[in-house]
Structure formats: C-alpha cells, structure tokens
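Residue strings, one per chain:
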Amino acid sequence: VIGASKIARDITEQVAIQAQLEQQTEKLKELNRAKDEFIGMASHELKTPLTSIKAYVQLLERQLKGEAQTALSITKTIRHVNKLSGLISDLLDVSRIEAGKLQLDFISFPLGAFLLEVIDSVQHTTVTHVIECKCDIGELNVYADRQRIEQVLTNLLTNAAKYSPKADKIVVEAVRTGNDLIISVRDYGIGIPQAELDNVFSRFYRVKELHPSFSGLGIGLFISQEIIQRHHGRIWVESQEGSGSTFYFSIPAFKRKEE
Ligand code: ADP
C-alpha cells in the first residue's frame, strides 16, 4: 500500500511538472509571437516617414541640380535612405515569413536578360568590384517571382562585395542541369569556416567572431533561403576560409504542373 501511494505521489508530481512545462512553453510561444508582431509593426512605423523623407529629398535633388555641392550631399542622403529602406523591407519580410504571409507572384521571363539587368544595377552602386557574368544559357525562360529572385541575387552580390574587401572581382555563373537552373555567385574574400556553413541561412545568424567590423542584421540569407525554397529550389554555399565563397541557388527551369 505504501508503494502504491508513493507511485501515486510520483505520478501527481510528474503531472504537475508536465503542466508547468506546458505553461512555460505556451508563454515562450506567446512571447515569440509578440516579438514577431512587434518587428512587423515597428518596420511599418519606420517605413512610412522614411518614404516621405525620400520623396522630399528626391524633389530637392531635382530642384538643386545646378548646385554641385548641395546636390552631392543630397545624393549621399538618398543613398543612406535607400539603405535604411532596404533594412526595413528585410525586417518586414522576416515578419511576413514568420506569419506565413510572404506572397509570391510567378511570371515567365527570359533568364539571361534578367541576370544581366540585375548585375548591371548592382554594378552601378558597387565601384570596388567588377562583376563578371558567365551566363551563356541562350533564350531560356524561367517561371518565377522576378522581383524576389532579383532580391536573392542582389543579396548574394552585395554580400560577395561586402565580405571581400581586398578583392576586386565577383563571378556570376548560370548553368542548366536537366530540369534545374543553377546560378552561382563567387567571391574571393574572407570565406566562411566549415562549421558555420549551415548556420549562415538561419534567422539573425552572423559569423561574428571572425569579422565584427562588417555591418548587417543576419537576415538576408534567411529571406533568400525562404524565397528559393518557395520556388522548390535549393540554396547552398561552398567556402574556404581566407580564399572566398561560392553561393549557389537552383530554380526549376520549367513551370510545375500544379502552378
Ligand atoms: P548580413 O550580411 O546582413 O549579416 P546575411 O544573412 O546576408 O546577413 O549573411 C549571414 C552571415 O553569413 C553574415 O553575417 C556573414 O557572416 C556570412 N556571409 C554571408 N555571405 C558571405 C560571403 N560572401 N562571405 C563570407 N561570409 C558571408
């Protein structure tokens, strides 16, 4: 009888501990949800005034075209506004992803011309590196969200430039293998330690110990991975510390039956 009551007590204790754990898990989930909601709200709040500032500064720039020094200050201001605006958009994307609300808009477009256009646009703002393109894929069309794939490629290219401060070249390559198109971005920079290779796609993850001097939020690759996975593709990286990294992503060359 004593044994039975001990077992009963143990079970009661176990049940109480279990209930406590469940309560704590619920609380953590709630906090996590509140945090995601906060990021979303804060990003919206920041974006609205920034959009107005941008419009007014652009107007001033047009009005002051003749006055070289003032126009230069304004051009620099616009560059900073664009950077801030990009950061906020990324934060908004993270909260959309967490809420399962990132929408994709699929269309069919020629990949070769698209790659050249994106490279050209990034090259425009990247004076330190020459971006080479080995993109001989003919007239191939892809069925994808053009803007979102542009976001992925731009992110990989700006990372390649940022994390290779001593190099002056970035190489983009596009190849077709069977049903897939594989696009790669190669840099000759600091590289990534082997043990960190899988982590770089995690939300808010940055390889800090190695290069605390590089700015960033650690969300670009997380967003890129989500975008590529939503295209039924894959994104991955190969890297050698000290000699550079190659980021790859694949997307199907053909429209899937269910789309
Ligand atoms: P961010 O660059 O804003 O920190 P990302 O999500 O784009 O965020 O990248 C996550 C991390 O992966 C970076 O902080 C950096 O440590 C590492 N990383 C990304 N691209 C490269 C690269 N081309 N070379 C070396 N490290 C990189």
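Summarised in this report is the structure supplied together with it. From a predicted model like this one, the values you see are computed outputs, not experimental measurements.

1. Structural notes on unusual backbone geometry
Residue Phe-204 is not a glycine yet carries a positive backbone phi of 65 degrees. Residue position: Phe-204 is located in the loop between β5 (180–187) and α5 (220–230). Among the residues examined, Phe-204 registers a relative accessible area of 36% and is labelled partly exposed. Non-glycine residue His-232 carries a positive phi angle of around 60 degrees. Within the secondary structure, His-232 is located in the loop between α5 and β6 (234–240). In this structure His-232 comes out as partly exposed when scored by relative accessible area, which is 41%.

2. Overview of the environment of Thr-77
Checked against the element boundaries, Thr-77 lands in helix α2 (residues 68–98). On the basis of relative accessible area, Thr-77 is assigned to the partly exposed category, the value being 36%. The sequence separation of Thr-77 and Gln-58 amounts to 19 residues, and the corresponding C-alpha distance is 9.6 Å. A polar side-chain atom of Thr-77 sits 2.7 Å from the main-chain carbonyl oxygen of Ser-73.

3. A look at the pattern of salt bridges
Any two side chains of opposite charge can pair, so long as their charged atoms come close to each other. This structure, assessed with the given rule, holds 10 salt bridges. Notably, a salt bridge pairs Arg-33 with Glu-30, separated by 2.9 Å at the nearest N-O pair. Taken as a pair, Arg-33 and Glu-30 lie in helix α1 (residues 2–63) at a separation of three residues, close to a single helical turn. Residue classification places Glu-30 among the partly exposed residues on the basis of a relative accessible area of 41%. Linking Arg-203 and Glu-98 is a salt bridge whose minimum nitrogen-to-oxygen distance equals 3.3 Å. One end of the pair, Arg-203, is in the loop between β5 and α5; the other, Glu-98, is in helix α2, with 105 residues separating them in the sequence. Exposure remark for Arg-203: the relative accessible area of 24% places this residue in the partly exposed category.

4. Some thoughts on α2
For the α-helix, the turn length of 3.6 residues means that residues three or four positions removed from each other point alike. End to end, α2 covers 45 Å across 31 residues, agreeing with the expected 45 Å (1.5 Å per residue, within 8%). If you check which residues of α2 are buried, you get Ala-71, Ile-74, Ile-78, Val-81, Ser-85, Ile-88, Leu-92, Asp-93, Val-94, Ser-95 and Ile-97. Looking one or two places after α2, you find Gly-100, whose phi comes out positive at around 70 degrees.

5. Here's the deal with the packing of aromatic side chains
Scanning the entire structure with this criterion turns up five aromatic pairs. Each ring, one from Trp-236 and one from Tyr-248, has its centre 5.0 Å from the other, and the planes form 10 degrees; the classification is stacked. Here Trp-236 is found in strand β6, whereas its partner Tyr-248 is found in strand β7 (residues 244–252), with 12 residues between them in sequence. Pair check on accessibility: Trp-236 and Tyr-248 agree, each one buried. The ring of Phe-109 has Arg-146 sitting right over it, with the charged end atom 5.5 Å from the ring centre.

6. Considering the state of the cysteines
In total, this model carries one disulfide according to the counting rule given. Sulfur-sulfur distance for the disulfide between Cys-133 and Cys-135 comes to 2.0 Å. Here the disulfide of Cys-133 and Cys-135 is left-handed, its torsion about the S-S bond being about -110 degrees.

7. Some details on the packing of helix α3 (residues 111–125) against helix α4 (residues 146–162)
The geometry of α3 relative to α4 is characterised by a closest axis approach of 10 Å and an angle of 45 degrees between their N-to-C directions. With respect to their mutual orientation, α3 and α4 come out oblique. By crossing handedness, the relation of α3 to α4 is classed as right-handed. Across from Phe-114, Leu-115, Glu-117, Val-118, Ile-119 and Val-122 in α3, the residues of α4 making contact are Arg-146, Ile-149, Glu-150, Leu-153, Thr-154, Leu-157 and Thr-158. Classifying every residue of the contact of α3 with α4 gives eight nonpolar, two polar and three charged.

8. Remarks on the site of the ligand
As a matter of local geometry, the ligand sits amid 20 residues, with Asn-159, Tyr-163, Asp-187, Arg-206 and Leu-221 nearest to it. Gly-218 has a polar backbone atom sitting 3.3 Å from an oxygen atom of the ligand. Of all elements in the fold, only α4, α5 and β7 reach the threshold of two or more residues within the shell around the ligand. Of all the elements, α4 adds the most residues to the shell around the ligand, at three residues. Partitioned by chemical class, the residues of the shell around the ligand number nine nonpolar, eight polar and three charged.

Each value, and the rule that gives it
Residues numbered from 1 in each chain as written. Predicted model: local features only at pLDDT ≥ 70, side-chain atom pairs only at ≥ 80, totals over all residues. Heavy atoms only, no water. Helix = DSSP H or I, 4+ residues; strand = E, 2+ residues; numbered from the N terminus. Buried < 20%, exposed > 50% of the residue type's maximum accessible area, 1.4 Å probe, protein only. Polar contact = N/O pair within 3.5 Å; in protein donor to acceptor, adjacent residues only side chain to side chain. Salt bridge = Lys/Arg side-chain N within 4 Å of Asp/Glu carboxyl O. Expected span 1.5 Å × (residues − 1). Phe/Tyr/Trp six-rings, centres within 6.5 Å; stacked < 30°, edge-to-face > 60°. Lys NZ or Arg CZ within 6 Å of the ring centre and 35° of its normal. Disulfide = S-S within 2.5 Å. Axes fitted to C-alpha atoms, helices over the stretch in contact; angles between N-to-C directions. Parallel < 35°, antiparallel > 145°, perpendicular 65-115°, else oblique. Left-handed = near helix turned anticlockwise from the far one by under 90°. Contact = heavy atoms within 4.5 Å. Nonpolar A, V, L, I, M, F, W, Y, C, P; charged D, E, K, R; others polar. Near = heavy atom within 4 Å.

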